[in-house]
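# Summary of structural features
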Amino acid sequence: MPNTVDFNGRPFHFIGIGGIGMSALAYILAQRNLPVFGSDLQNSHITERLEAMGAHIFGSQDASNFDIFKTPKHNWESMASGLSGKISSEKATLPRESSSIAQLEQQLPQVICSTAIHPENPEYQVARELGCPIFHRSDLLAALMAEYQSIAVAGTHGKTTTSSLIAFLLLKAGLDPTILVGGEVNAWEGNARVGHSPYLVAEADESDGSLVKLASHIGVVTNIELDHPDHYKTLDQLISTFRIFANQCETIVGCIDCTMVRDYLKPTISYSINSQSNADYTVDAVQYLADGIMAQVYERGEAIGLLKLQLLGAHNLSNALAAVAVGRLLNLEFSVIAQAIAQFPGTKRRFEYRGNYGGIQFVDDYAHHPSEIRVTLAAARGRLQNSSGLSSTLSEAAITPVHPGSEIKRVVAIFQPHRYSRTETLMEDFALCFGDADLVMLTEIYSAGEANPGRISGQQLATRVAEHHPHVDYQSSLEAVKTRLCQLLKPGDLVLFLGAGNLNRVIPEVMAFFQSDDNSGINPTVTA
Ligand SMILES: CC(=O)N[C@H]1[C@@H](OP(=O)(O)OP(=O)(O)OC[C@H]2O[C@@H](n3ccc(=O)[nH]c3=O)[C@H](O)[C@@H]2O)O[C@H](CO)[C@@H](O)[C@@H]1O[C@H](C)C(=O)O
Ligand SMILES: Nc1ncnc2c1ncn2[C@@H]1O[C@H](COP(=O)(O)OP(=O)(O)OP(=O)(O)O)[C@@H](O)[C@H]1O
Ligand SMILES: C[C@H](N)C(=O)O
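It should be emphasised that the depicted structure is a prediction, and the values quoted were computed from it without experimental measurement. (Residues numbered from 1 in each chain as written. Chains lettered and ligands numbered in written order. Predicted model: local features only at pLDDT ≥ 70, side-chain atom pairs only at ≥ 80, totals over all residues. Heavy atoms only, no water.)

### Observations concerning the UniProt feature "domain: Mur ligase central" (unreviewed entry) in the protein
Here, the residues flagged by UniProt with the feature "domain: Mur ligase central" (unreviewed entry) are residues 153-326. The span residues 153-326 carries 27% helix and 32% strand; its end-to-end C-alpha distance comes to 11 Å. (UniProt positions renumbered as here; feature names shortened; annotations may be inferred. Helix = DSSP H or I, 4+ residues; strand = E, 2+ residues; numbered from the N terminus.)

This is the structure we're talking about:
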């Protein structure tokens, strides 16, 4: 069995192909006209996009999905590859006997698995029985990265945003990068892009420990904090994972506002949003506006220019400073970097402005860790404080603000906890992180595939939050959240839907309820 990924025409079969990391990889292979097959229990616009490129995707996960590879090669070949366009979902049924064993082994697919796939998964089981080469998602990412001058973005918080910002910068600077990120960006219509230069920008996820397989020319680390307690039993394990990754990168660009990055990784190139730090890249004269941020950037103590950002919050200034540092490492002029970053419209579900209906502003955000909730609510509170005299400074730069303005009077946070393990381990911190919201609504925990241990609930979390916050509401279902919001919301509210689960499904219906003075061009009937 080969232990390296074969990019010479052998088919790929992705189990969990619709995942945000898996689908980016499948996209790159399909663009290379390699035969791409896969399965996912959930149909989505992501699986549909891959199918439109010629990938063959099964909506169920059972042994019969491999029947297709027991047929003569020409049969499945005609069913896959971007050359054939949209393909039929009918399964091939020719008997196995029609090929010799040797031929069959040759045409057995390389199976790519997400960590979301349980070892008991019937399709995974049959792949093992047949002797298919089986790779984890990270093995394929590592193999692709090895072909390029890679920039891999790691860190507990901000990987998707920062990798998207860096990718956007390289794209605008004409460096034509290949991109694989963990969120969707309109500039390349999805989570992946094939470029024609030596550069590749990738998100490097630490959630399952597979980060240790990645080696990059430039590694960016935004911060390190305990998360994913399902995988990491101690903080030391997490730190050691980041250290192994950092040691495998030629250059580490790291945010030294995080003491763990500073002390354990000792970045080659450092950045900090604290003007007093001695980082290589810092900022000063920061202005947090209602529709963006402006700051003077310093390179090793010397002012190099003004950075304008359409994103909100100190965390996004930090993410943008990482992009500045990477851009300078690639010898880009600061003016080119600043111009690109000023145009970055953001990533879907990361403080994504969904519209203003009935004087209520709707925002979708992926925050699922107490620190992420804290920085996002601080950004929302900052927007509220600056919203009465809405600044036009960003607009003067001929940029249409991502967050068009109207006065805000109240910050409303709706949170769907994500994973039992995280909710239980970080309960104390979750109880304290909603201070910047005027009203907090909690709902039930989104399992993300975890079994319910039966000792933790959204209701319990709501009780804990209420010990520190005067206005906490608990609704047990998304349907109940929707109904309650229609009763509670009023003009002047900035409503944030927080979480990495499916809470954002309710946004279109709540927006539709309040639809009246729509000036955003968003159709509220579209489901998220
Ligand atoms: C689990 C895991 O390691 N997930 C990480 C991985 O995504 P990926 O490996 O693609 O994983 P998925 O997005 O979690 O998507 C997993 C896909 O798998 C299907 N499924 C799941 C179970 C099953 O039995 N059958 C089955 O088909 C399911 O329907 C979904 O489409 O890589 C991404 C990019 O770095 C990370 O953002 C992501 O982290 C986290 C999570 C995040 O940021 O949200
Ligand atoms: N630098 C940062 N520090 C703290 N929180 C951040 C930072 N950047 C973004 N966030 C918050 O974290 C949320 C997720 O951001 P993003 O998707 O960029 O991070 P991520 O590390 O890829 O997340 P994950 O891998 O856990 O999905 C954002 O919606 C925001 O609330
Ligand atoms: C969304 C987050 N990275 C998780 O799966 O826990």
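### Focus on the site of ligand 2
As a matter of local geometry, ligand 2 sits amid 18 residues, with Thr160, Thr161, Arg350, Asp365 and Thr376 nearest to it. Within the contact set of ligand 2, an oxygen atom lies 2.7 Å away from a side-chain nitrogen or oxygen of Arg350. Within the backbone of Tyr366, a nitrogen or oxygen atom sits 3.4 Å from an oxygen atom of ligand 2. Within the complex, the protein chains bury 93% of what would otherwise be the 620 Å² of accessible surface of ligand 2. (Near = heavy atom within 4 Å. Polar contact = N/O pair within 3.5 Å; in protein donor to acceptor, adjacent residues only side chain to side chain. Areas by Shrake-Rupley, 256 points an atom, 1.4 Å probe, with all protein chains shown as cover.)

### Topic: the packing of helix α7 (residues 159-172) against helix α11 (residues 334-343)
How two helices pack is summed up by the angle between their axes together with the distance between the axes. Running from amino to carboxyl end, α7 crosses α11 at an angle of 120°, the nearest separation of the two axes being 9 Å. Taken together, α7 and α11 sit at an angle that is classed as oblique. As α7 packs across α11, the resulting crossing turns out to be right-handed. Within the contact between the two elements, α7 uses Leu165, Phe168, Leu169 and Lys172 and α11 uses Val336, Ile337, Ala340, Ile341 and Gln343. Grouping the constituent residues of the contact of α7 with α11 by class yields 7 nonpolar, 1 polar and 1 charged. (Axes fitted to C-alpha atoms, helices over the stretch in contact; angles between N-to-C directions. Parallel < 35°, antiparallel > 145°, perpendicular 65-115°, else oblique. Left-handed = near helix turned anticlockwise from the far one by under 90°. Contact = heavy atoms within 4.5 Å. Nonpolar A, V, L, I, M, F, W, Y, C, P; charged D, E, K, R; others polar.)

### Focus: the pairing of strand β19 (residues 439-442)
Covered by surrounding structure in β19 are Leu439 and Met441 together with Val440 and Leu442, the residues of both alternating faces. As defined by bridge partners, strand β18 (residues 410-415) adjoins β19 across 4 bridges and the pair is classed as parallel. By the bridge assignment, Ala413 is partnered in β19 with Val440. Note that the unit made of β19, helix α16 (residues 458-466) and strand β20 (residues 472-474) has a crossover that is right-handed. (Buried < 20%, exposed > 50% of the residue type's maximum accessible area, 1.4 Å probe, protein only. Pairing = 2+ DSSP bridges. Right-handed = clockwise from strand over helix to strand, strands pointing away.)

### Observations regarding the pattern of salt bridges
Tallied over the entire structure, the rule returns 25 salt bridges. Arg262 is the partner of Asp263 in a salt bridge, and the nearest nitrogen-oxygen pair spans 2.8 Å. When its relative accessible area of 39% is taken as the criterion, Arg262 is described as partly exposed. In this structure, Asp493 engages Arg410 in a salt bridge whose closest nitrogen and oxygen atoms are separated by 2.8 Å. Linking Asp493 in strand β21 (residues 493-498) with Arg410 in strand β18, this pair joins segments that are 83 residues apart in sequence. Residue Arg410 is classed as buried on the basis of its relative accessible area, which comes to 17%. (Salt bridge = Lys/Arg side-chain N within 4 Å of Asp/Glu carboxyl O.)

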